[in-house]
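Architecture at a glance
The primary structure of each chain is shown beneath.
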Amino acid sequence: WGTPQVDYGQTDAPAAIDFVDVNVGDYHTCGRSADNSLSCWGDDTYGQVTGAPTHVLQVDAGGNNLCAVLPTSTPFCWGEIAPPGTEEDDPNYNPPLNDIFNYVTASDSYSGCGAPLVGTVSCWGDSQSGEATAPSGVSVVQMEGSATHVCGIDSAGTPVCWGNNDVGQSTPTKGVILNQISVGDYHACAISGTTVACWGYDDDGEATVTTGNYDAV
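Here we summarise the structure given alongside this text. Computed from a predicted structure; not experimentally measured.

**Notes on the overall build of the chain**
Regarding its fold elements, the chain presents zero helices and 15 strands. Taking 2.2 N^0.38 as the reference for a compact globule, 217 residues should give roughly 17 Å; the C-alpha atoms of the chain span a radius of gyration of 16 Å, in line with that estimate. Oriented by its inertia axes, the alpha-carbon framework of the chain measures out at about 45 × 40 × 35 Å. Here the contacts in the chain between residues at least 6 apart in sequence split such that 37% fall between residues at least 24 apart.

Quick look at the structure:
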């Protein structure tokens, strides 16, 4: 729903398909079904729709790019993954193809990060705001990225963020155990039990949570 500034059909979700996970980019949307099949719709200028794999374990949408974990647990990115004038297969802008990941992120700024099943986070691409420079030795069980920052949760439920922090978007709430995290361009929110905690930019109320019990964010 909503009225997009530019209409590429990104709000026209396919009928009669049930999704367990939906990710939204600037002008495209992708949904993963229970059988891990992937459906994408909207803007296809950079192959965001037609370049999508058929099945994924997890997917994250950036501005005009996406990254996913394939059924083999290896990463795959598509769309506008590199700056103009740079070859799309440039290894600096692609994930390490032989690594085994549990989660991957896709940033608006030609970068991404991957959390392996075992080991520490690795990132690739541009890192003008530090979004592709994860803290040394950090391991996470869930993470999400946005335009210029990334946040994750380690196995103890402790949040960790890196990248741009000009409005506090990379300074997470302390002293709480988190279950799941979601990241916007200049803010982030996370679930702790049934309570939501948010931090970062709040001029439009995006970090001010309505009182209540929540299952996901």
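**Quick look at the sheet that holds strand β10 (residues 142–145)**
The sheet built from three strands is open, its strands ordered β10-β11-β12 with antiparallel pairing. Looking along the sheet, the strands with just one partner apiece sit at the ends: β10 and β12 (159–163). Between one strand and the next, the sheet's axes are offset by a mean angle of 15 degrees, whatever the strand orientation. Here five bridges tie strand β11 (residues 149–153) to β12, and the two strands are oriented antiparallel to one another. If you follow G152 over to β12, its bridge partner there is V160.

**Here's the deal with the state of the cysteines**
A complete count under the given rule lists five disulfides for this structure. At a sulfur-sulfur separation of 2.1 Å, the disulfide partner of C151 is C161. With the S-S dihedral at roughly 110 degrees, the linkage between C151 and C161 falls on the right-handed side. Taken as a pair, C151 in strand β11 and C161 in strand β12 lie far apart in primary sequence, ten residues in all. Classification of C151 as buried rests on a relative accessible area of 0%. Overall, C161 belongs to the buried group, its relative accessible area being 12%. Across the chain, the way the bonded cysteines pair up, counted in sequence order, is 1-2, 3-4, 5-6, 7-8, 9-10.

**Things to note about the sheet that holds strand β7 (residues 101–106)**
Reading across from one edge, β7-β8-β9 is the order of the three strands in this open sheet, with antiparallel pairing throughout. Unpaired on one side and paired on the other, β7 and β9 (122–125) mark the two borders of the sheet. Averaged over all pairs of adjacent strands, the angle between strand axes in this sheet comes to 15 degrees, irrespective of strand direction. Inspection of the sheet shows strand β8 (residues 111–116) paired to β9 by four bridges, in the antiparallel sense. Bridge assignment links C113 to a residue of β9, and that residue is C123.

**A few points about unusual backbone geometry**
Comment: phi is negative for the bulk of residues other than glycine, and the bulk of peptide bonds are trans. Unlike most non-glycine residues, N36 shows phi in positive territory, near 70 degrees. Structurally, the position occupied by N36 is in the loop between β2 (28–32) and β3 (38–42). Its identity as a non-glycine residue notwithstanding, S73 has a phi of 70 degrees, on the positive side. Within the secondary structure layout, S73 lies in the loop between β5 (65–69) and β6 (75–79).

**Examining the layout of surface pockets**
Its boundaries defined by the atoms lining it, the largest pocket holds a volume of some 750 Å³. Within the residue set of the lining of the largest pocket, elements represented by two or more residues are β1 (21–24), β2, β4 (58–61), β7, β10 and β13 (180–183). By residue class, the composition of the lining of the largest pocket is 13 nonpolar, 17 polar and seven charged.

**Some words on empty space enclosed by the protein**
Under the definition given, this model contains one cavity of 30 Å³ or more. Its boundaries defined by the atoms lining it, the largest cavity holds a volume of some 40 Å³. As for the largest cavity, its lining consists of N65, C67, C77, I81, Y93, Y110, S111 and W124.

**Brief notes about the pairing of β7**
Along any regular strand the residues' side chains alternate between the sheet's two faces. Here β7 runs beside β8; their pairing, made up of five bridges, is antiparallel. Among the inter-strand pairings, Y103 is bridged to a residue of β8, identified as A115. Between β7 and β8, which follow one another and run antiparallel, lie four residues, and Y110 among them has a positive phi close to 60 degrees.

Conventions adopted
- Here the residue index of a chain counts from 1 through its sequence in written order.
- Local features in this predicted model are restricted to residues of pLDDT 70 or higher, and side-chain atom pairs are both shown and tallied only at a pLDDT of 80 or more, whereas totals for entire chains, interfaces and linings draw on every residue.
- With hydrogens and water stripped out, all remaining heavy atoms of the structure feed into the side-chain values.
- The way it works is that DSSP assigns letters per residue, a run of H or I at least four long becomes a helix, a run of E at least two long becomes a strand, and they are numbered from the N terminus.
- With C-alpha atoms as the basis for the radius of gyration, the globule rule is written as 2.2 Å multiplied by the number of residues raised to the power 0.38.
- Residues are treated as being in contact if the distance between any of their heavy atoms lies within 4.5 Å.
- For two strands to count as paired, DSSP must find a minimum of two bridges between them.
- Orientation is described by lines fitted to C-alpha atoms, with helices fitted over the stretch in contact, and by angles between N-to-C directions that extend from 0 to 180 degrees.
- Cysteine sulfurs are considered disulfide-paired once they come within 2.5 Å of each other.
- Each residue's exposure class comes from its accessible area (1.4 Å probe, protein chains only) as a fraction of the maximum for that residue type: buried when under 20%, exposed when over 50%, partly exposed otherwise.
- As defined here, a cavity is a set of points on a 1 Å grid over the protein atoms alone where a 1.4 Å probe fits but cannot get out. A pocket is an open set with protein on both sides within 12 Å along at least five of seven lines, and residues line them when an atom is within 4 Å of a point.
- Grid points are joined across faces, edges and corners, and a volume is the space filled by probe spheres set on the points.
- Gly counts as polar in this scheme, as do all residues outside two lists: the nonpolar Ala, Val, Leu, Ile, Met, Phe, Trp, Tyr, Cys and Pro, and the charged Asp, Glu, Lys and Arg.

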